[in-house]
Amino acid sequence: MRIAMIGVGYVGLVSGACFSEFGHDVVCVDKDAGKVAALDRGEIPIFEPGLDELVLRNRQAGRLSFTTDLKTAMKGAEAIFIAVGTPSRRGDGHADLTYVYGAAREIAETLEDYAVIVTKSTVPVGTGREVERIVRETRPDAQFDVASNPEFLREGAAIGDFMRPDRVVIGTQSDKAREVLRRLYRPLFLIETPILFAELETAELIKYAANAFLALKISYINQISDLCEKVGADVHDVARGIGLDGRIGSKFLHPGPGYGGSCFPKDTLALMHTARAANAPLTLVEATVAFNDQRKTDMGERILAALGGSGQGKRVAILGLTFKPNTDDMREAPSLVILPQLRAAGAEVIAHDPEGMAEAAKLMPDITYCKDAYQALEGADAVVLLTEWNAYRAMDIDRMWALMRHPLVIDLRNVYSSREMRKAGFDYRSLGRPKRS
């Protein structure tokens, strides 16, 4: 099949490369000529493990190409994916659908033969119907169907998620569109991947409902973690104890400084506003959003309390800046709240991240960035672990102790063993674990 992918951001680039790996002919189109030229040179604009090799292999095989010309991309395409950004709108938190509707108008003006127009971007309920209205209004003679095919890609594991997904969700009322998308995903039928066909609105809501539930689960275990500290329980044992219940499951039950990234923050806000507009408010989601925002600030206050109540004259080493490991994505990362908080309190902040420092430097230029983790620790009054990169898990704790001015470790991901750190002489602080553990 021939596919047009509009947008070469995270979702569009990963999806386009993976569809080409399935054997389809994929043309990715974007208005950013610089980005397209860079991709033609083999330069990948994001860090995602394995993506550079996947793009190179399929470009060399002639199945994947990039262009700024929508007409070229759409010629002969049976499916046209809209994979443009849907950021939170400034001021009210609603999903900004400007790029989605703009793409719909351009598709309508260019469409020649029948095609399925598929929203791959995460969009609120009703977006697909509006895309259909826009196309029909612009081109009453056009032959097309509209479908929703939300993505469920985890940054850092996106290729595996696409190739071996838990499920594929397709929303459309058209039998013809179902057949086109069934052929598109045929390789996944062969490995018995569950493929759920649903109404357009149902498919759109599934993505938001899934992300909001996971966000709620993260905030729940963070609140349980706070309770564990008060009563002397161990949050990891609690998480294991409840996670072994098949109705609950073990994933997303690890305490931390709050969720971030490109999906959970904006998707919970968008779902919250959709629910309010429908007069069916989701108070659990609203509470999750409020708690998560406060969580990041609370972690900054926790660090300052460990420093004696003030950051003045203190040198604080930060390990990890991105919202999660295996990505260079800084969007809504806890570091963007915590580090300015430390700077405002007078602390000197020295940071390291394996992939995120270039992006972080654009957002926090007053932070000192180091070439490796040990350099960041030199003369530090405290080290704060913010992102659980594997590179930080096996650090030489004796070397850490020797480099630091004061051996204070604030582990906001619970990577290290409390006993080992205290035995090595550290003043070790973590989340939801009793001091005796």
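To be clear, the structure that these remarks concern was listed above.
Fair warning: this is a prediction, and the values are worked out from it, not measured in the lab.

Conventions and cut-offs
Residues numbered from 1 in each chain as written. Predicted model: local features only at pLDDT ≥ 70, side-chain atom pairs only at ≥ 80, totals over all residues. Heavy atoms only, no water. Pairing = 2+ DSSP bridges. Helix = DSSP H or I, 4+ residues; strand = E, 2+ residues; numbered from the N terminus. Contact = heavy atoms within 4.5 Å. Axes fitted to C-alpha atoms, helices over the stretch in contact; angles between N-to-C directions. Expected span 1.5 Å × (residues − 1). Buried < 20%, exposed > 50% of the residue type's maximum accessible area, 1.4 Å probe, protein only. Polar contact = N/O pair within 3.5 Å; in protein donor to acceptor, adjacent residues only side chain to side chain. Lys, Arg positive; Asp, Glu negative; His and termini not counted. Salt bridge = Lys/Arg side-chain N within 4 Å of Asp/Glu carboxyl O. Phe/Tyr/Trp six-rings, centres within 6.5 Å; stacked < 30°, edge-to-face > 60°. Left-handed = near helix turned anticlockwise from the far one by under 90°.

## A closer look at the sheet that holds strand β11 (residues 368-369)
Then comes step 1: If you trace the 6 strands from one edge of the open sheet to the other, you get β11-β10-β9-β12-β13-β14, paired in parallel fashion. Sheet topology places β11 and β14 (427-429) at the edges, where each strand pairs with a single neighbour.
Then comes step 2: As judged from the 5 bridges shared by strand β9 (residues 315-319) and strand β10 (residues 348-352), these two strands associate in the parallel manner. Residue pairing in the sheet places V316 in a bridge with V349 of β10.
Then comes step 3: The sheet strands contacting helix α14 (residues 335-344) are β9 and β10, and the helix crosses β10 at an angle near 150°.

## Quick look at helix α1 (residues 10-21)
Then comes step 1: Look at α1: 17 Å from first C-alpha to last across 12 residues, which is about the 16 Å you get at 1.5 Å a residue.
Then comes step 2: With 11 of 12 residues buried, α1 lies mostly within the body of the structure.
Then comes step 3: Buried residues of α1: Y10, V11, G12, L13, V14, S15, G16, A17, C18, F19 and S20, and no others.
Then comes step 4: Positive phi appears at G23, one or two residues downstream of α1, with a value of about 110°.

## A short note on the environment of Q173
Then comes step 1: Position of Q173 relative to the elements: it lies in the loop between β7 (168-171) and α8 (175-184).
Then comes step 2: Since its relative accessible area comes to 48%, Q173 is described here as partly exposed.
Then comes step 3: Spatially, the C-alpha atom of Q173 lies 30 Å from that of R89, the residues being 84 residues apart in sequence.
Then comes step 4: In contact with Q173, other than residues within four places in its own chain, are R129, R178 and E199.
Then comes step 5: Reaching out from Q173, the side chain makes a polar contact with the side chain of R129 at a distance of 2.8 Å.
Then comes step 6: Here the side chain of Q173 touches E199 through a polar contact of 3.1 Å, side chain to side chain.

## A look at the side chain of D328
Then comes step 1: Note on placement: D328 falls in the loop between β9 and α14.
Then comes step 2: Despite its burial, D328 pairs with no opposite charge, the nearest such side chain being R331 at 7.5 Å.
Then comes step 3: Reaching out from D328, the side chain makes a polar contact with the backbone nitrogen of F47 at a distance of 3.4 Å.
Then comes step 4: When sequence neighbours within four positions are dropped, the list of residues in contact with D328 reads I46, F47, T322, E355, G356 and E359.

## Looking at the packing of aromatic side chains
Then comes step 1: Taken as a whole, this structure holds 7 aromatic pairs when the rule is applied.
Then comes step 2: Centre to centre, the rings of F19 and F81 are 5.3 Å apart; their planes meet at 40°, and the pair counts as tilted. Taken together, the positions of F19 in helix α1 and F81 in strand β4 (residues 79-82) put the pair 62 residues apart, joining distant regions of the chain.
Then comes step 3: F19 sits in the buried class, given a relative accessible area of 0%.

## Some remarks on the packing of helix α5 (residues 98-110) against helix α6 (residues 127-138)
Then comes step 1: Remark: α5 packs on α6, axes separated minimally by 9 Å, with the N-to-C direction vectors making an angle of 35°. The two elements α5 and α6 cross, and the hand of that crossing is right-handed. Contacts between α5 and α6 involve V100, Y101, A104, R105, A108 and E109 on the former and, on the latter, T127, E130, V131, I134, V135 and T138.

## Quick word on the pairing of strand β12 (residues 382-385)
Then comes step 1: Going residue by residue along β12, you find A382 and V384 tucked away on one face and V383 and L385 tucked away on the opposite face as well.
Then comes step 2: Pairing of β9 with β12, which is carried by 4 bridges, proceeds in the parallel orientation. Within β12, the residue paired with A317 across the bridge is V383.
Then comes step 3: As judged from the 3 bridges shared by β12 and strand β13 (residues 408-411), these two strands associate in the parallel manner. Following the sheet pairing, L385 is matched in β13 by D411.

## Section: helix α12 (residues 264-277)
Then comes step 1: Between its terminal C-alpha atoms α12 stretches 20 Å, which fits the 20 Å expected from 14 residues at 1.5 Å a residue.
Then comes step 2: When you tally the buried positions in α12, you get 10 out of 14 residues, the bulk of the element.
Then comes step 3: In this structure, the buried side of α12 is in contact with α10 (200-231) and α13 (283-306).
Then comes step 4: A positive phi of about 60° marks N279, the residue just after α12.

These values are about where atoms sit, not about what they do.
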